[in-house]
Amino acid sequence: MDSSPGLKARRARFVLAGGAVAVAALLVAGGFTAATLMNGNDAKGQPQPSTSPAVGSPVLPSSPSATGPMTPDKGSKIPLSQPTGQRDGVFIGFPPTQVGGISAVVSFWEEYAWLDDEKARQQLSAVASKDSPAFVDRRISEIRKMREAIGLAPSGGIPADISFTTAVHAARAKTLKAPGLPVGHAMQVWLSYDRFATGPKNGRDENPLRGETQAFVVKLEDGVWKFTDQYEALGDFPVAYEPASPYAWRDGWAQVRHAH
């Protein structure tokens with residue numbers, strides 16, 4: 001899942017000799033860097049990049065600036081909502097508002113077991129819309145391809161002494177005019193995030209993923225934000241997110257503020 005309305009392909013970096021033992025050994029040596037992993041679908045048939053402002057982006061008050069045009073690092077942050085519960089490895093209970101939908105997407109991506117197909121299936125099943133029966137299987141297939149690409153068995157977990165952290169820094173939301181749904185009940189959410197690993201004896205990732213982008217489509221279903229693949233073609237591509245970019249701000253990118 002990555003950088004397109006179709007949760008499409010992006011390439012992460014791992015330099016692995018193969019197998020879980022190699023993963024651990026590489027992290028111990030302080031050299032967890034990278035090879036290329038498929039993380040979604042190809043771009044065929046997807047909308048083309050757009051540089052126009054996002055229709056339905058969060059309406060956030062602009063912060064006054066005496067030093068030039070507004071940018072994401074100067075502008076108001078999106079105050080992420082707190083969930084009311086947890087089920088199957090994901091937080092649930094986000095309010096049925098636009099900020100609630102953004103919060104649900106951010107929370108899911110930060111908790112997602114993107115390299116563990118068994119845990120990921122539980123998580124995906126908990127958040128998938130009823131209108132997207134292939135949503136879960138499609139993404140589990142992606143994980144298994146990734147696992148094979150780095151020398152792990154197609155199915156299973158990751159070594160217990162290795163962990164990954166995903167940190168979302170900014171989001172861009174666009175309301176989608178989905179057939180049969182009220183306005184505001186479906187939206188595309190783009191995320192900008194970093195991901196890094198920690199290995200045995202607190203071995204650190206020397207070349208973490210930074211500034212990666214990922215898109216999801218969510219809809220309100222019985223008052224709950226659910227992930228769907230039904231309206232992906234209605235989404236678009238944003239301009240690149242940069243904290244100091246006025247173009248990113250105009251296109252709807254805003255930094256997120258995690259609840260504490």
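What counts and what doesn't
- Residues numbered from 1 in each chain as written.
- Predicted model: local features only at pLDDT ≥ 70, side-chain atom pairs only at ≥ 80, totals over all residues.
- Heavy atoms only, no water.
- Salt bridge = Lys/Arg side-chain N within 4 Å of Asp/Glu carboxyl O.
- Helix = DSSP H or I, 4+ residues; strand = E, 2+ residues; numbered from the N terminus.
- Phe/Tyr/Trp six-rings, centres within 6.5 Å; stacked < 30°, edge-to-face > 60°.
- Buried < 20%, exposed > 50% of the residue type's maximum accessible area, 1.4 Å probe, protein only.
- Lys NZ or Arg CZ within 6 Å of the ring centre and 35° of its normal.
- Expected span 1.5 Å × (residues − 1).
- Arc of directions from axis to C-beta.
- pLDDT = per-residue confidence, 0-100.
- Contact = heavy atoms within 4.5 Å.

Q: Just checking my understanding: could you explain the pattern of salt bridges for this structure?
A: If the charged atoms of two oppositely charged side chains come close together, the side chains can form a pair. On inspection of all chains with the given rule, the structure shows 12 salt bridges. We note a salt bridge from Asp 137 to Arg 121, for which the minimum N-O separation is 3.1 Å. One end of the pair, Asp 137, is in helix α4 (residues 135-149); the other, Arg 121, is in helix α3 (residues 117-127), and 16 residues separate them in sequence.

Q: Would you take a moment to explain the packing of aromatic side chains for this structure?
A: Aromatic rings in a pair are described by how distant their centres are and how their planes are angled relative to each other. Summed over the entire model, instances satisfying the criterion amount to 11 aromatic pairs. Ring geometry for Phe 108 against Tyr 112: centres 5.0 Å apart, planes inclined by 35°, an arrangement best described as tilted. This pair shows no difference in class: Phe 108 is buried, exactly as Tyr 112 is. Measuring from ring centre to ring centre gives 5.0 Å for Trp 114 and Phe 164, while their planes differ by 70°; the resulting arrangement is edge-to-face. A residue pair is termed long-range when its members are at least 10 positions apart, and Trp 114 in the loop between α2 (98-111) and α3 and Phe 164 in strand β6 (residues 163-175) qualify at 50 residues. Phe 164 gets classed as partly exposed once you look at its relative accessible area, which sits at 23%. An aromatic cluster of three or more residues is present, and its members are Phe 108, Trp 109, Tyr 112, Phe 135, Tyr 193, Phe 216 and Phe 227. Above the face of the Phe 135 ring, Arg 139 is positioned so that its terminal group lies 3.9 Å from the ring centre. One Lys or Arg, Arg 195, reaches over the ring of Trp 114 and ends 4.3 Å from the middle of that ring.

Q: Would you mind going over α4 with me for this structure?
A: The periodicity of an α-helix, 3.6 residues per turn, causes residues three or four positions apart to be oriented the same way. Between its first and last C-alpha atoms α4 spans 22 Å; for 15 residues at 1.5 Å apiece the expected length is 21 Å, and the two agree. Of all the residues in α4, the buried ones are Phe 135, Val 136, Arg 139, Ile 140, Glu 142, Ile 143, Met 146 and Arg 147. Summarising the axial view, the buried residues of α4 lie within an arc of 155°, below the 170-degree limit, and thus occupy one face. For α4, the exposed residues set more than 90 degrees away from the buried face come down to Lys 145 and Ala 149. The first or second residue beyond α4 is Gly 151, which carries a positive phi of 90°.

Q: Which parts of the structure should I look at to understand the confidence of the model for the protein?
A: Atomic detail in the predicted coordinates should be set aside for any region of low pLDDT. Here the protein averages 79 in pLDDT, while 73% of its residues score no lower than 70. Of all the helices and strands in the protein, strand β2 (residues 36-38) carries the lowest mean pLDDT, 27, while strand β10 (residues 254-257) carries the highest, 98. Segment residues 1-64 is flagged for pLDDT under 50; beyond a separation of four residues in sequence, or across chains, it makes 199 contacts in the model.

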